[in-house]
Structures are given as C-alpha cells and as structure tokens.
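# Residue-level structure breakdown
Single-letter residue listing:
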Amino acid sequence: MAATNYLLSKYQFLCSICLDVFTDPVSTSCGHNFCKTCITEHWDRSDQYQCPMCNNEFNTRPELHVNTFISEMVAEFRQSAQQKASSSSSEQQVFKPGEVPCDVCTETKLKALKSCLVCLTSYCETHLEPHLTASSLKRHQLIDPVENLEDRMCPKHDKPLELFCKTDQTCVCMLCHVSDHKMHDVVPLKEGYEGEKAELETEIQQMIQKRQLKIQEIKHSVDLSKEEAGREIAEGVQVFTALKESVERGQANLINTIKEKQKTTENQAEDFIKELEQEISELKKRSSEVEQVTHSEDHLHLLQRFMSLKVAPPTKDWTEVSIHSSHEGTVVRAVVQLEKTFSKEMKKLIEAELKRVQKYAVDVTLDPDTAHPELILSNDGKQVSHGDVIKNLPDNPERFFDCDCVLGKQSFSSGRFYFEVQVKGKTDWDLGVARESINRKGDIALGPQWSNWTIWLRKGNEYKALDDPSVLLSLKSRPQKVGVFVDYEEGLVSFYDVDAAALIYSFTGCSFKEKLFPYFSPCTNDDGENSAPLIISPVRVN
C-alpha cells in the first residue's frame with residue numbers, strides 16, 4: 001500500500017473523540033462513527049445526546065451497536081498498520097541517551113521528531129502523523145523535540161506559559177498576568193524572546209568588542225614590551241661592551257705595566273752585571289800583577305807594590321746591592337680600578353632602572369581603618385607617626401591592635417606599582433607590602449613566610465631585609481627617601497634609595513596569590529628620638 005493511501009486510510013479510521021484508531025466502532029443514525037467507550041462516556045457526562053461531529057441532537061439516547069463492517073475494516077487496518085509500523089520502526093532511529101524519546105511508543109521507544117506545545121507530548125514519525133493530517137490537530141504548535149514539556153506549564157495554574165514578564169524576567173501564564181503580574185510589563189513569548197535575543201546579542205557584541213579591545217591592548221602591550229626589550233638589550237649590550245672594553249684595556253695596561261717594570265728590572269740587572277764584570281776584569285788584572293811581583297826577592301819592593309795594588313780600584317761594596325721585583329700590588333691596583341669602572345656603569349644601570357619603575361607610580365593613601373590606635377595619621381592620609389597615646393577606636397577586623405603599623409587604602413592584585421616614602425629624621429621604621437591575610441590582632445613577624453615583604457631600619461644605622469633568612473644590608477649612605485616597586489606577575493619587590501639612585505634590596509620569586517597592600521610602620525616614638533613621620537611623597541622622576 002502506498003504511503004499516501006496509508007495516511008488516508010488511517011485518517012478515516014480515527015475516532016474524533018480519542019483521536020486514535022477505532023476500538024469497537026459504533027455508528028450513530030447521522031452516520032458518524034466513534035469508539036463505543038468514547039461515545040458512551042461522552043454522553044454519560046452530558047445532559048444532551050448530540051453527535052460530537054455534527055451536533056445532531058437525539059431525543060432519546062440512541063442504542064449503540066458495533067458496526068461489524070467498520071470493525072472488520074479496523075481490524076484489517078490495525079494489522080496493516082502494525083506491519084507498516086514494524087517496518088518503519090526499523091527505518092526510524094531508535095531513541096538513544098541524550099535524545100528525546102517518543103511519549104506514545106509503548107514498546108521500542110523511537111526518537112521524537114517533534115514536540116506539541118498543546119498536547120505537551122513528543123512524537124516519533126509514526127505517531128506524529130495525526131498532527132500532520134487531522135484538521136483539528138494541525139492548529140497545534142509543533143517545535144523541535146524537547147524534554148520535560150511539563151516545565152512549559154504554569155505550576156500554579158496548570159496553564160501553558162504563553163507570556164514573558166519583562167519586569168520579573170520570567171515566563172508566566174494568562175492567569176499569572178491578571179493576578180500576580182497585573183501591573184508588570186508582560187509581552188507574548190515571541191516578543192519577549194525577540195527582545196531578550198536582541199538584548200543578549202547586543203550584550204554579546206559588547207562583550208566581543210571589549211575582548212577585541214583587550215586583544216588590541218594586549219598586542220599593544222606586547223609591542224611596547226618588544227620596544228622596551230629592544231631598548232634594554234641595546235642598553236645592556238652598550239654597558240657590557242663598555243665593561244668588556246674596560247676589562248680588555250685594564251688587562252692590556254696590566255700586561256704593559258708588568259712588562260715595562262720587568263724591562264726596567266732587566267736593564268738595571270744588565271747594568272749591574274756589566275759593572276761587576278768590569279770590576280772582575282780589573283781584579284783579574286790586579287791578580288796577574290800580584291803574581292808577577294811575587295817572583296821578586298826584594299821584600300821592600302814587594303810590600304810597597306802590594307800597598308799600591310791594595311788602594312787601587314775597584315772599591316765598591318756590593319753587599320747591599322740587589323734586584324727586587326716591582327710587580328707587587330699591580331694586579332690589585334688594576335682590579336680596584338676595574339671595580340670603580342664597574343661601579344660607575346652599575347650606577348648608570350640603576351639610575352635607568354629607577355626611571356623605568358617610577359613610570360608605574362600610584363597614588364597611595366593610608367587607611368585609617370587599619371591603623372593601630374597609637375598611630376597618628378594626617379588628614380590627607382599621607383603621613384603617619386607614633387603618638388604614645390592609645391586612642392579609643394573600634395576594634396574592627398581590619399585594624400592592627402598589637403603592632404604599630406598601618407596599610408594603604410589601595411590594593412593590587414596584578415600588574416606593577418611603585419610609591420615613595422620619606423624616612424628622613426627617623427631612627428626606626430618598617431616599609432614594604434603585605435598580603436590581605438596578614439595577621440592584624442597579634443604580634444606580627446616580618447618575612448615572606450608571614451605574608452609580608454619588608455625592610456627596616458633600627459638604631460639609626462642598622463638596615464635589614466626581612467627575607468627568609470633575613471639579610472643585613474650594607475649601604476653606602478643613609479636613605480632619606482625609599483622607593484618601593486612591585487611586579488605582581490614576576491613576583492618581585494624592590495627597594496631603592498631614591499636620592500642616591502641605588503638599589504637597596506630585591507625580593508625575587510615571591511608568591512603573592514592575594515591582594516597586596518602597601519605596609520608602613522613608623523615604630524615607637526622612643527622619647528622623641530623617632531618622632532619624625534613617615535611621609536608618602538609624590539613621585540618625581542630623577
């Protein structure tokens with residue numbers, strides 16, 4: 001049987017009440033057919049006896065008899081339909097995990113092709129046919145198969161969710177609209193979908209644009225980094241070339257100096273040897289004369305002759321004459337000169353580095369909510385000193401209560417930042433940065449293992465980097481202004497003597513992981529010896 005004929009035959013054998021193939025078909029006097037159970041239950045619920053198809057009224061309840069002809073046709077149709085369904089089910093896809101199954105299939109569940117928003121049922125190809133053929137079902141809204149169709153019903157009123165409340169951003173039914181959402185901005189689902197879609201598309205486009213701008217920003221940063229790397233390479237090559245040339249000059253000068261001294265020594269030795277050889281020649285001549293005199297027997301003549309030979313030259317005393325090496329200290333003096341050159345070039349590098357980090361200057365102010373009760377902060381939040389008097393302040397979670405310190409208001413969790421602090425006139429102070437999780441209610445140990453990276457001054461001349469382990473610092477001069485630079489991603493904290501353009505100390509390989517805050521401690525007043533404040537200074541590039 002052709003597919004078209006099959007569809008027409010099935011349509012002819014559908015009960016208009018249950019929309020399924022007839023079961024025990026009966027006929028009314030008006031000529032319409034129904035399942036016996038369907039028409040019986042229909043009339044049981046009604047006070048009138050009407051035909052559901054043509055609304056023809058009967059004075060009395062009709063006596064129903066099974067239409068044997070239609071019954072046989074239905075049986076034949078069922079058998080044919082079973083064979084057709086059996087063959088088509090093998091062609092249709094069987095429902096797999098992750099797919100929507102047909103809600104009507106009773107044995108092998110087939111994959112649903114469509115879901116009906118009116119029936120709240122999903123159908124495979126076979127069970128979808130009534131919705132494609134029956135005029136009463138064609139008006140139903142079909143969509144691509146979805147699960148949990150019951151979620152499309154209002155849980156409160158058991159009505160389809162047909163509207164969208166823009167006020168509450170939720171789907172509602174008609175009864176919700178006239179009750180809970182009466183004064184809200186409610187639109188049909190399609191309009192709501194289109195509005196939300198447009199808004200979402202706009203938002204997505206904005207997010208795309210932001211990310212495209214971020215890509216441009218990152219690329220620009222890479223370009224700047226390349227330029228900076230090029231400058232640093234050129235600068236480094238220049239410095240190392242100068243150092244290399246200085247080493248080579250120093251080496252050449254050292255060799256020349258030693259060779260010249262050696263030549264002088266050799267010349268002096270040659271002069272001495274020549275003089276000695278001349279004296280030896282004279283002495284040999286005198287010895288020959290003595291030998292000749294000794295053959296005479298005139299003793300008076302011999303004595304007189306010996307006396308004259310004795311007073312004759314040479315008379316030089318060679319006892320104290322010696323050749324000394326003059327190379328001692330030559331290498332040391334050359335290395336000292338080389339060290340001076342290195343220090344000069346190193347100072348140039350530090351000055352250039354300080355200028356670079358000063359470009360990352362940030363405006364830091366002190367946070368009064370973190371200040372120990374004995375500390376005095378200026379109104380502009382730029383100065384802190386110790387006041388010797390405990391103020392009555394609330395013990396909020398941020399406040400340090402055992403250690404005389406205060407944090408900056410500004411926090412940093414990425415990038416680079418730099419600030420400068422005047423320490424002039426102080427004998428004790430602590431400076432650096434600290435994690436947000438630093439202990440605020442007990443004694444604070446200073447060091448990376450306790451969430452801070454700091455240096456300090458004690459007793460007016462003892463500088464120390466509180467690293468793990470701590471490092472005693474030997475500084476050529478007492479810093480009057482200290483610069484603090486942090487590179488969050490690189491894990492670097494560096495301290496500079498700003499006026500001397502010198503590096504004080506660098507913490508490297510740091511692991512921050514949290515927000516970082518500038519850390520300040522003016523230390524105790526010490527009977528006025530340490531009364532000067534720590535002052536956050538504006539950064540001026542050297």
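Keep in mind it's a predicted model, so treat the numbers as computed, not measured.

## Considering the sheet that holds strand E21 (residues 502-507)
Across the sheet, which stays open at both edges, the seven strands sit in the order E11-E12-E23-E14-E19-E20-E21 with antiparallel pairing between neighbours. Each edge of the open sheet is held by one strand with a lone partner, namely strand E11 (375-377) and E21. Looking at each pair of strands side by side, their axes are set apart by 20 degrees on average, direction ignored. With seven bridges connecting them, strand E14 (residues 416-422) and strand E19 (residues 481-487) associate as antiparallel partners. Bridge pairing in E19 links Gln 422 to Lys 481. The strands touched by helix H9 (residues 330-358) within the sheet are E14, E19, strand E20 (492-497) and E21, with E14 carrying the most contacts at an inclination of about 110 degrees.

## Considerations on the pattern of salt bridges
Enumeration over the complete set of coordinates arrives at 13 salt bridges. Across the pair Glu 99 and Lys 111 runs a salt bridge, and its minimum N-O distance is 4.0 Å. Placement of Glu 99 in the loop between helix H3 (68-91) and strand E5 (114-116) and of Lys 111 in the loop between H3 and E5 is noted, with a sequence separation of 12 residues between them. What makes Lys 111 partly exposed here is its relative accessible area of 29%. Ionic contacts of the salt-bridge type, sharing partners, join the residues Glu 232, Glu 235 and Arg 356 into one network.

## What to know about the pairing of strand E23 (residues 534-537)
Each regular strand shows side chains that alternate between the opposite faces of the sheet. Here E23 shows a buried face lined by Leu 534 and Ile 536 and a second buried face lined by Ile 535 and Ser 537. Of the pairings in the sheet, the one linking strand E12 (residues 383-386) to E23 comprises two bridges and is antiparallel in character. Paired with Gln 383 across the two strands is Ile 535, which belongs to E23. One ladder, built from three bridges, connects E14 with E23; its direction is antiparallel. The partner of Gln 422 across the bridge, within E23, is Ile 535.

Definitions and cut-offs
- Residues numbered from 1 in each chain as written.
- Predicted model: local features only at pLDDT ≥ 70, side-chain atom pairs only at ≥ 80, totals over all residues.
- Heavy atoms only, no water.
- Pairing = 2+ DSSP bridges.
- Helix = DSSP H or I, 4+ residues; strand = E, 2+ residues; numbered from the N terminus.
- Axes fitted to C-alpha atoms, helices over the stretch in contact; angles between N-to-C directions.
- Contact = heavy atoms within 4.5 Å.
- Salt bridge = Lys/Arg side-chain N within 4 Å of Asp/Glu carboxyl O.
- Buried < 20%, exposed > 50% of the residue type's maximum accessible area, 1.4 Å probe, protein only.

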